[in-house]
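A look at the structure
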Amino acid sequence: MVELGISGACARKKIRTTKADKKATYSPDLVNRNFHAEDLDQLLVSDLTYIPTKEGWLFLVCILDVFSRRILGWSMTRHMKVELFINALRQMQITRG
């Protein structure tokens, strides 16, 4: 494509959703980028992502057990507030019983 001078079309403009606070301190990397576990519930990780829809943004949080690679809890809402994570944690508790 580069040789022909063509590129893909982008249907939407890029939106910046995060603005870093230059005064903020970063949390330590507690797992030192070692995403390996020997047993269940030894290492849990989470991620937040946003999904554009015709009706606006949806925010999704998933909590994953690194050993089993199983999603234990998730939550999706129209806002990025702490309740999003709390709901995912509650669902994880129910899943693990």
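Each remark here, short or long, concerns the structure printed above.
Let me sum up the structure you'll find in this document. (Residues numbered from 1 in each chain as written. Predicted model: local features only at pLDDT ≥ 70, side-chain atom pairs only at ≥ 80, totals over all residues. Heavy atoms only, no water.)

**Some words on the overall build of the protein**
Using the following cut-off: Put simply, DSSP marks the helices as runs of H or I at least four residues long and the strands as runs of E at least two long, and each gets a number from the N terminus on. In this setup the radius of gyration rests on C-alpha atoms only. A globule is expected at 2.2 Å times the number of residues raised to 0.38. Here, residues are in contact when the closest pair of their heavy atoms is within 4.5 Å. In this charge count, Lys and Arg are treated as positive and Asp and Glu as negative; neither His nor the chain ends contribute. Where a charge sits is defined by one atom per residue type, namely NZ (Lys), CZ (Arg), CG (Asp) or CD (Glu).
A count of helical and extended segments in the protein gives one helix and three strands. In sequence order, the protein lays out its α and β elements as β-β-β-α. Computed over its C-alpha atoms, the radius of gyration of the protein comes to 18 Å, more than 25% above the 13 Å expected for a compact globule of 97 residues. Taking all contacts inside the protein whose residues are at least 6 apart in sequence as the whole, residues at least 24 apart take part in 31%. Side-chain charges in the protein split into 15 positive and 10 negative, and the spacing between the mean points of these groups amounts to 12 Å.

**Quick look at the pairing of strand β2 (residues 56-65)**
What counts, and what does not: Pairing between strands requires that DSSP locate at least two bridges from one strand to the other.
Across ten bridges, the pairing between strand β1 (residues 44-53) and β2 is antiparallel. By the bridge assignment for β2, Thr53 is matched with Gly56. Remark: two residues form the turn of the hairpin made by β1 and β2, two consecutive strands paired antiparallel. In this sheet, strand β3 (residues 70-77) lies alongside β2 in antiparallel orientation, the contact comprising seven bridges. Pairing of Val61 across the sheet is with Ser75, part of β3. Where β2 folds back onto β3 in an antiparallel hairpin, the turn is made up of four residues, including Arg69, whose phi is positive at roughly 60°.

**Some remarks on helix α1 (residues 82-96)**
Selection rule: To estimate the expected span of a helix, subtract one from its residue number and multiply by 1.5 Å. Each residue is placed in one exposure class: buried if its accessible area under a 1.4 Å probe, protein chains only, is under 20% of its type's maximum, exposed if it is over 50%, and partly exposed if it falls in between. Working definition: the arc comes from the directions between the helix axis and the C-beta atoms, pointing outward to the latter.
The first and last C-alpha atoms of α1 sit 21 Å apart over 15 residues, in line with the 21 Å expected at 1.5 Å per residue. Of all the residues in α1, the buried ones are Leu84, Ala88 and Met92. Mapping the buried residues of α1 onto a view down its axis gives an arc of 75°, with all of them on the same face. Exposed residues on α1 whose side chains face more than 90 degrees from its buried face are Val82, Gln93 and Ile94.

**Some thoughts on the nonpolar core**
Convention followed: In this text, buried Ala, Val, Leu, Ile, Met, Phe, Trp, Tyr and Cys residues form a nonpolar core when linked through side-chain atoms within 4.5 Å.
Counting residues in each nonpolar core, the largest one holds seven residues, listed as Phe59, Val61, Ile63, Leu72, Leu84, Ala88 and Met92. Counting only elements with at least two residues in this core, the list comes to β2 and α1. Not counting residues within four places of it along the chain, the set of residues in contact with Val61 comprises Asp47, Leu48, Gly73, Trp74, Ser75, Leu84, Phe85 and Ala88.

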